[in-house]
Amino acid sequence: MREGNQENVESIIEKYPKKESAALPVMQLIQEENGNQLDAAGVEEAARALGMSKSRIYGIATYYTMFNTRPVGKYHLQVDTCVPGFLHGADEIVKHLEQTLGISVGETTADDLFTLSTVQDLASCATGPVIQVNDRYFENMTIEKTDELIEALRQGKEPDNDTSMTVVSECGILLNDRTQADCRTLDFYKRNGGYQALAKALSMQPADIVNEVKDAQIRGRGGAGFPAGAKWSFLPKDDPRPVYLICNADEGEPGTFKDRQIMEFNPHLVIEGIAISAYAIGAAQAFIYIRGEFTWIADILEAAIEAAKADGQLDHVDIIVHRGAGSYVCGEETALIESIEGKRGNPRSKPPFPANIGLYGCPTVVNNVETLASVPYIVRHGAETFKQIGIPNNYGPKIFGVSGHVNTPGVFEYPLGTPLKTILDAAGGVKGKMKGVIVGGLSVPILTAAEAEGLSLDYDSCQKAGTSLGSGGIIVVNDSVSIPELALRTIEFYHHESCGQCVPCREGSLVVESKLRALVEGRGTREDIDLVLQLCGTIRGLTLCPTGEAFSMPIQAMVTKFRPEFEALIQQ
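As the structure is a computational prediction, the values presented were derived from the model and not from experiment.

Analysis parameters
Residues numbered from 1 in each chain as written. Predicted model: local features only at pLDDT ≥ 70, side-chain atom pairs only at ≥ 80, totals over all residues. Heavy atoms only, no water. Salt bridge = Lys/Arg side-chain N within 4 Å of Asp/Glu carboxyl O. Helix = DSSP H or I, 4+ residues; strand = E, 2+ residues; numbered from the N terminus. Buried < 20%, exposed > 50% of the residue type's maximum accessible area, 1.4 Å probe, protein only. Domains from an automatic or database assignment. Contact = heavy atoms within 4.5 Å. Buried area = accessible area lost by both parts, 1.4 Å probe. Polar contact = N/O pair within 3.5 Å; in protein donor to acceptor, adjacent residues only side chain to side chain. Nonpolar A, V, L, I, M, F, W, Y, C, P; charged D, E, K, R; others polar. Phe/Tyr/Trp six-rings, centres within 6.5 Å; stacked < 30°, edge-to-face > 60°. Lys NZ or Arg CZ within 6 Å of the ring centre and 35° of its normal. Pairing = 2+ DSSP bridges. Axes fitted to C-alpha atoms, helices over the stretch in contact; angles between N-to-C directions. Parallel < 35°, antiparallel > 145°, perpendicular 65-115°, else oblique. Left-handed = near helix turned anticlockwise from the far one by under 90°. Expected span 1.5 Å × (residues − 1). Disulfide = S-S within 2.5 Å.

Novice: Can you walk me through the pattern of salt bridges in this structure?
Specialist: Opposite charge on two side chains makes pairing possible when the charged atoms of those side chains draw close. What the rule picks out here adds up to 36 salt bridges. Here R563 ties to E567 by a salt bridge, and the two come within 2.9 Å at their closest N and O atoms. On the criterion of helical spacing, the pair formed by R563 and E567 is a turn pair, its members being four residues apart in helix α25 (residues 563–567). Classification of E567 by relative accessible area gives partly exposed; the value is 27%. Via salt bridges that share partners, K231, E332, E333 and K350 belong to a single interconnected network.

Novice: Before we go on, may I ask you to explain the domain arrangement of the protein chain in this structure?
Specialist: It is common to give the size of an interface as the accessible area lost on bringing the parts into contact. According to the domain assignment, the protein chain contains domain 1 (5–63), domain 2 (75–154), domain 3 (168–386), domain 4 (390–478) and domain 5 (483–567). For domain 2 versus domain 4, the distance between C-alpha centres works out to 29 Å. Contact residues are listed per partner, giving seven residues for domain 2 and ten residues for domain 4. Between domain 2 and domain 4, a total of about 580 Å² is buried, with carbon and sulfur atoms accounting for 80% of that surface. Counting across the domain 2 and domain 4 interface gives zero salt bridges. Taken together, the links from domain 2 to domain 4 amount to one residue pair in polar contact (both at pLDDT 80 or more). Here the side of domain 2 that touches domain 4 is built from residues that sort into six nonpolar, one polar and no charged.

Novice: Any chance you could explain the environment of P240 here in plain terms?
Specialist: As for its position among the elements, P240 is in the loop between α11 (228–233) and β6 (243–249). Taking the relative accessible area as the measure of exposure, P240 reaches 80% and is therefore exposed. Spatially, the C-alpha atoms of P240 and C362 are 9.6 Å apart, while their sequence positions differ by 122 residues.

Novice: Help me understand the packing of aromatic side chains in this model?
Specialist: Centre distance and the angle of the planes are the two values used to describe a pair of aromatic rings. On inspection of all chains with the given rule, the structure shows 13 aromatic pairs. Taken together, a centroid distance of 5.6 Å and an interplanar angle of 80° make the contact between Y328 and Y494 edge-to-face. In this pair, Y328 is assigned in the loop between β8 (318–323) and α15 (333–340) and Y494 in helix α21 (residues 483–497), connecting sequence segments 166 residues apart. Relative accessible area serves as the criterion here: at 0%, Y494 is assigned to the buried category. The ring of Y360 carries the charged tip of K18 above its face, separated from the ring centre by 5.9 Å.

Novice: Would you take a moment to explain the sheet that holds strand β4 (residues 136–138) for this structure?
Specialist: Sheets are built from strands that pair by backbone hydrogen bonding, the pairs being arranged parallel or antiparallel. Taken in spatial order, the four strands of this open sheet run β2-β1-β3-β4, and their pairing is mixed. The sheet is open, and its two borders are formed by β2 (114–119) and β4, each paired with just one other strand. Across the sheet, the mean angle separating the axes of adjacent strands is 25° when strand polarity is ignored. Bridging between strand β3 (residues 131–133) and β4 involves three bridges; their strand directions are antiparallel.

Novice: For this particular structure, what's the right way to read the environment of E338?
Specialist: Relative to the elements of secondary structure, E338 occurs in helix α15. On the basis of relative accessibility, which here comes to 13%, the residue E338 falls in the buried class. For the pair E338 and T127, spaced 211 residues apart in the sequence, the C-alpha separation amounts to 32 Å.

Novice: Please clarify how the side chain of D250 should be interpreted in this entry.
Specialist: With respect to the element layout, D250 can be found in the loop between β6 and α12 (258–265). Engagement of the side chain of D250 in a polar contact is seen with the backbone nitrogen of G331, the distance being 3.3 Å. Excluding anything up to four places from it in sequence, D250 contacts Y289, R291, S327, Y328, C330 and G331.

Novice: Just to check I follow, could you spell out the sheet that holds strand β5 (residues 166–169) for this structure?
Specialist: Taken in spatial order, the six strands line up as β5-β13-β12-β18-β15-β16 in an open sheet, and their pairing is mixed. At either margin of the open sheet sits one strand with a lone partner, and together these are β5 and β16 (447–448). As paired elements, strand β12 (residues 397–404) and strand β18 (residues 473–478) share four bridges and run parallel to each other. Directly across from G404, in β18, lies its bridge partner V476.

Novice: I would appreciate a short explanation of the packing of helix α2 (residues 23–32) against helix α4 (residues 54–63) in the present structure.
Specialist: For any two helices packed against each other, the geometry is given by the interaxial angle and the distance between the axes. At a minimum axis separation of 11 Å, α2 and α4 run at an interaxial angle of 80°. Judged by the inter-axis angle, α2 sits roughly perpendicular to α4. Within the contact between the two elements, α2 uses A23, L24 and M27 and α4 uses I57, I60 and A61. Of the residues belonging to the contact of α2 with α4, the class tally is six nonpolar, no polar and no charged.

Novice: Looking at this model, I keep getting lost on the pairing of strand β15 (residues 434–438). Mind explaining?
Specialist: A regular strand carries its side chains on alternate faces of the sheet. Most of β15 is tucked away, with five of its five residues classed as buried. Judged from the two bridges that link them, β15 and β16 form a sheet pairing that is antiparallel. Its bridge partner being in β16, G436 is matched across the sheet by T448.

Novice: When you look at the packing of helix α22 (residues 503–520) against helix α24 (residues 547–561) in this model, what are you seeing that I'm missing?
Specialist: In the contact formed by α22 and α24, the axes pass within 9 Å of each other and the chain directions differ by 25°. With respect to each other, α22 and α24 are oriented roughly parallel. Crossing geometry of α22 relative to α24 is assigned as left-handed. Residues P504, C505, G508, S509, V512 and L516 of α22 touch α24, and the partners they reach there are T547, G548, F551 and I555. For the contact of α22 with α24, the class distribution of residues is six nonpolar, four polar and no charged.

Novice: How do you make sense of helix α6 (residues 90–101) when you look at a structure like this?
Specialist: Since there are 3.6 residues in each turn of an α-helix, residues three or four apart along the chain are aligned in direction. If you check α6, its first and last C-alpha atoms are 16 Å apart, about what twelve residues at 1.5 Å a residue would give, namely 16 Å. Within α6, the full set of buried residues consists of A90, D91, I93, V94, H96, L97 and L101. Buried residues along α6 sit in contact with β1 (75–80), α5 (83–87), β2, β3, α7 (143–154) and α21.

Novice: Would you mind showing me how to read the pairing of β12 here?
Specialist: β12 sits mainly inside the fold: eight of its eight residues count as buried. Linkage of β12 to strand β13 (residues 410–415), two consecutive antiparallel strands, is achieved through a turn of five residues.

Novice: Sorry, what's going on with the state of the cysteines here?
Specialist: As used here, a disulfide is simply a covalent bond connecting the sulfur atoms of two cysteines. Using the criterion set out here, one finds zero disulfides in the structure. Of the cysteine sulfurs around C171, a residue in no disulfide, the closest is that of C462, at 16 Å. Not part of a disulfide, C183 finds its nearest cysteine sulfur in C247, a span of 18 Å. Among the residues examined, C183 registers a relative accessible area of 4% and is labelled buried.

Novice: Teacher, can you tell me more about unusual backbone geometry here?
Specialist: Most peptide bonds take the trans configuration, and most residues that are not glycine carry a negative phi. In this model, G128 is joined to P129 through a cis peptide bond whose omega is 0°. Relative to the helices and strands, P129 is located in the loop between β2 and β3. Look at D112: it is not a glycine, yet its phi comes out positive at around 60°. The topology assignment puts D112 in the loop between α6 and β2. The phi dihedral of D121 falls on the positive side, at around 65°, and the residue is not glycine.

What follows is the structure, given as structure tokens:
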């Protein structure tokens, strides 16, 4: 063990119910203290500290994208070129960095100062282009700002991050007043009614809280829209095993950046939601599984948890903030559970479902950040008041993240059932002429401008329109964009993020990407278009997790609805 690491590693391990669960944070610590690299010595150090084999630690390190098993420069510049970044001009930033630094993507400068990489989705969709430097974000980047960043880094300095974007909260429930300097603090939260719902909940019977949430008919905000109260009720009764609650804060769906807003600026809201939910389902241990790139948000959450503990709010539950390490698939609940258990984040076969066999083989509930953040309002004001927001079968507030070709991208809290046009108007209107819109994150089918006309943003209306509300990540595409290029960027993301466990996803995404690349580069045929559609129609339903459907549905929609654009690329 390297000098100074032993005490830190032991304190990390002590937090967890099982030693193996400390694998990711221990490996992250070792990498951080070794110049942002987890080399062979670091792998051996982690294995020894955790009592795990070197091969298993190496297997974990090579699964998650944030572990660097090869050397990188002092400053690792990572530019998000996924679909929202692409629409906001990330490619120009990459080209400029290549020219400025004299290197190509994947290379390091001769002085070992800079390594340049492109990455897939940093949940900074409204504030792109974004460059991640080691573990810091620099958002709303321009060519001029990029030059200033490079010059500052050469001098050993880091400029401030520009996180500015539009924030509108019509409901005033999930998004707080972030213009107040103390908006993250316990005092601010309590001045505005914070923890009153928890006090009320602790005076109730747990079953009554579950019934209140069921009566509110809140649908899960992570993407699937499954009723949260029903999910809680699936837990086995009178079971001697411990129950675990996991807050899914991985937020890896391109176009989605809503959960980040709650955690970063209103952390006590999600903590109160976890505290109430844990009491309701009988969980003494809860986890917040937050995506690994959100290091500063993890710090905010940990500080808020400590403040809530000191205030006596968390006497009945322990909350661990657990950082992921770069894996889209870990947004799926069973892959997330595997990751917390100190494994590669491969999805499990279902059944059994987590409600019965979840974390450590025990009953487990996994809920999204936004879902849990809605619980305090339901408990404090009652299900009937909650159902006055929204429309039948689609109740409550919803945060919509808007990126792409709008004049003022940002986040917008409106009742479910709000017209798409209202949200787009709040985002300053469409920039140029709209060609299409993705309303639920990248994994849902695109709608043409005509199909989106008159659309209401709720689960049922979106389903009737042939798409899904998903996470509420709205990506607007104007007529300057090539849909074949958009499709290629889409499949590049999903092929990169496939865990490789299921052949239809692993090989299917590879073939679809190769065929779309051939078309975009002018080497494609009509048979390639037909094969893409055939594969997309076949892959759905054949994978352990939704990733197969997550790329087959949007690609199929793009090719079907805009086929003439694909055919125009074929050389006669």
